[in-house]
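# Commentary on secondary and tertiary structure
The residues making up each chain are set out below.
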Amino acid sequence: MSDLLLKVENVGIQFGGLKAVSGLNMEMHAGELIGLIGPNGAGKTTSFNMLTGVYKPTEGTIIFNGKKTNNMSPHQVTKSGVSRTFQNIRLFKDLSVLDNVKVANHSLAHHSVISSIFRLPSYFSGETKMEQESIEFLKIFGLDPYMNELAKNLPYGMQRRLEIARALAAKPKLLLLDEPAAGMNPQETQDLMGLIALIREKFDLTILLIEHDMGLVMGICERIYVLDHGQLIAEGKPEEIRNNKKVIEAYLGEEVTE
Ligand SMILES: Nc1ncnc2c1ncn2[C@@H]1O[C@H](COP(=O)(O)OP(=O)(O)OP(=O)(O)O)[C@@H](O)[C@H]1O
């Protein structure tokens, strides 16, 4: 088995009297593509928020790439190599498509304050490189023809793609995708599945995916974790999860997209 990249040990969080997540244990090895599923309100997004420093767990330990990240700020977690997209698209809607990606790329820029204030040659060469890189990211997602459009003018499915392109520009090791296919039509979802597989290969990514579209999850994930009422109720290969009694029960009464 390849290197252990993420270890989540007995992690939980409480909001007032509500245990939104408790006793969560997960392991991800470098290069894996893993699904995180569960009915509405199961604690999936809350788990992402803990993995990205937005929420501090009230119990347990998160180790990413050998370092404890429990008490890191979201910015520190991003710098350490974890990047995400959001369930509700969060683009800079009044910036261009290209600038949305450049902003993410900028957060990693290494040129010094002096070089940027005095606009030294190293600043310009850094800027050019960043722009070229950002355009490369857009090309992968078929977004380069729209690079000068305002993000808000892109069709919905393209905005979802742009979110992923922007997350990638932060050069993560671990990419967390929160319902990337939400609101997409079947063809767009199919294309997205291909893209997720492609970027994993191209950028040596490890990917954790929250998704309600079971066809997508079962189609591309190697392993799946299932949450219900904040607790892990199952973990295994897609075919194991599909036939798991606890999982079927948890989903009874839920609308499952096939
Ligand atoms: N900041 C918060 N304060 C209080 N309760 C919260 C907070 N964030 C999440 N919760 C609660 O935690 C529980 C889990 O919510 P979460 O959004 O993680 O579920 P989810 O599995 O992502 O659901 P969905 O599929 O509907 O997005 C819910 O009961 C939710 O109301």
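Small disclaimer: the values here were computed from a predicted structure and weren't measured. (Residues numbered from 1 in each chain as written. Predicted model: local features only at pLDDT ≥ 70, side-chain atom pairs only at ≥ 80, totals over all residues.)

If you check the shell around the ligand, you find Phe15, Leu18, Ala20, Gly38, Asn40, Gly41, Ala42, Gly43, Lys44, Thr45, Thr46 and Gln87 and nothing else. Residue assignment for the shell around the ligand shows that the elements contributing at least two residues are strand 2 (18-29) and helix 1 (44-51). Per element, the largest residue contribution to the shell around the ligand is three residues, and it comes from helix 1. Of the residues contributing to the shell around the ligand, the split by class is four nonpolar, seven polar and one charged. (Near = placed C-beta within 6 Å. Helix = DSSP H or I, 4+ residues; strand = E, 2+ residues; numbered from the N terminus. Nonpolar A, V, L, I, M, F, W, Y, C, P; charged D, E, K, R; others polar.)

Given a rise of 1.5 Å per residue, 17 residues ought to cover 24 Å, and the 24 Å separating the end C-alpha atoms of helix 7 (residues 186-202) matches this to within 8%. Once helix 7 finishes, Asp204 follows within two positions and takes phi at roughly 50°, a positive value. (Expected span 1.5 Å × (residues − 1).)

Attention now moves to the nonpolar core. In a soluble, globular protein the nonpolar side chains are often hidden away together inside. Leu138, Ala165, Leu174, Leu176, Leu208, Leu209 and Ile224 are the most contacted members of the largest nonpolar core, which has 62 residues in total. Both domain 1 (1-81 + 172-258) and domain 2 (91-170) contribute no fewer than three residues apiece to this core. The residues contacting Leu174, other than those within four sequence positions of it, are Leu5, Leu6, Phe64, Gly81, Val82, Thr206 and Leu208. (Core = buried A, V, L, I, M, F, W, Y, C linked by C-beta atoms within 7 Å. Buried ≥ 20, exposed ≤ 12 C-beta atoms within 10 Å, placed from the backbone. Domains from an automatic or database assignment. Contact = placed C-beta atoms within 7 Å.)

All right, on to the sheet that holds strand 8 (residues 206-210) then. Spatially, six strands are ordered 6-7-8-3-9-10 in an open sheet, and the strand pairing comes out mixed. Since the sheet does not close on itself, it has two edges, and those belong to strand 6 (82-84) and strand 10 (231-236), each with one partner. If you compare each strand with its neighbour and ignore which way they point, the axes differ by 20° on average. In the sheet, strand 7 (residues 174-178) pairs with strand 8 via five bridges, with the strands oriented parallel. Opposite Asp178, over in strand 8, you have Ile210 as the bridge partner. Contacts between helix 1 and the sheet are confined to strand 3 (33-37), strand 6, strand 7, strand 8 and strand 9 (223-228), with strand 7 contributing the most and set at about 150° to the helix. (Pairing = 2+ DSSP bridges. Axes fitted to C-alpha atoms, helices over the stretch in contact; angles between N-to-C directions.)

Take the domain arrangement of the protein chain next. Segmentation of the protein chain into domains returns domain 1 (1-81 + 172-258) and domain 2 (91-170). Contacts between the two partners involve eleven residues from domain 1 and, on the opposite side, ten residues from domain 2. Contributions of two or more residues to the side of domain 1 that touches domain 2 are made by strand 7 and helix 7. The greatest single-element share of the side of domain 1 that touches domain 2, amounting to three residues, is contributed by helix 7. Per-class residue counts for the side of domain 1 that touches domain 2 are eight nonpolar, two polar and one charged.

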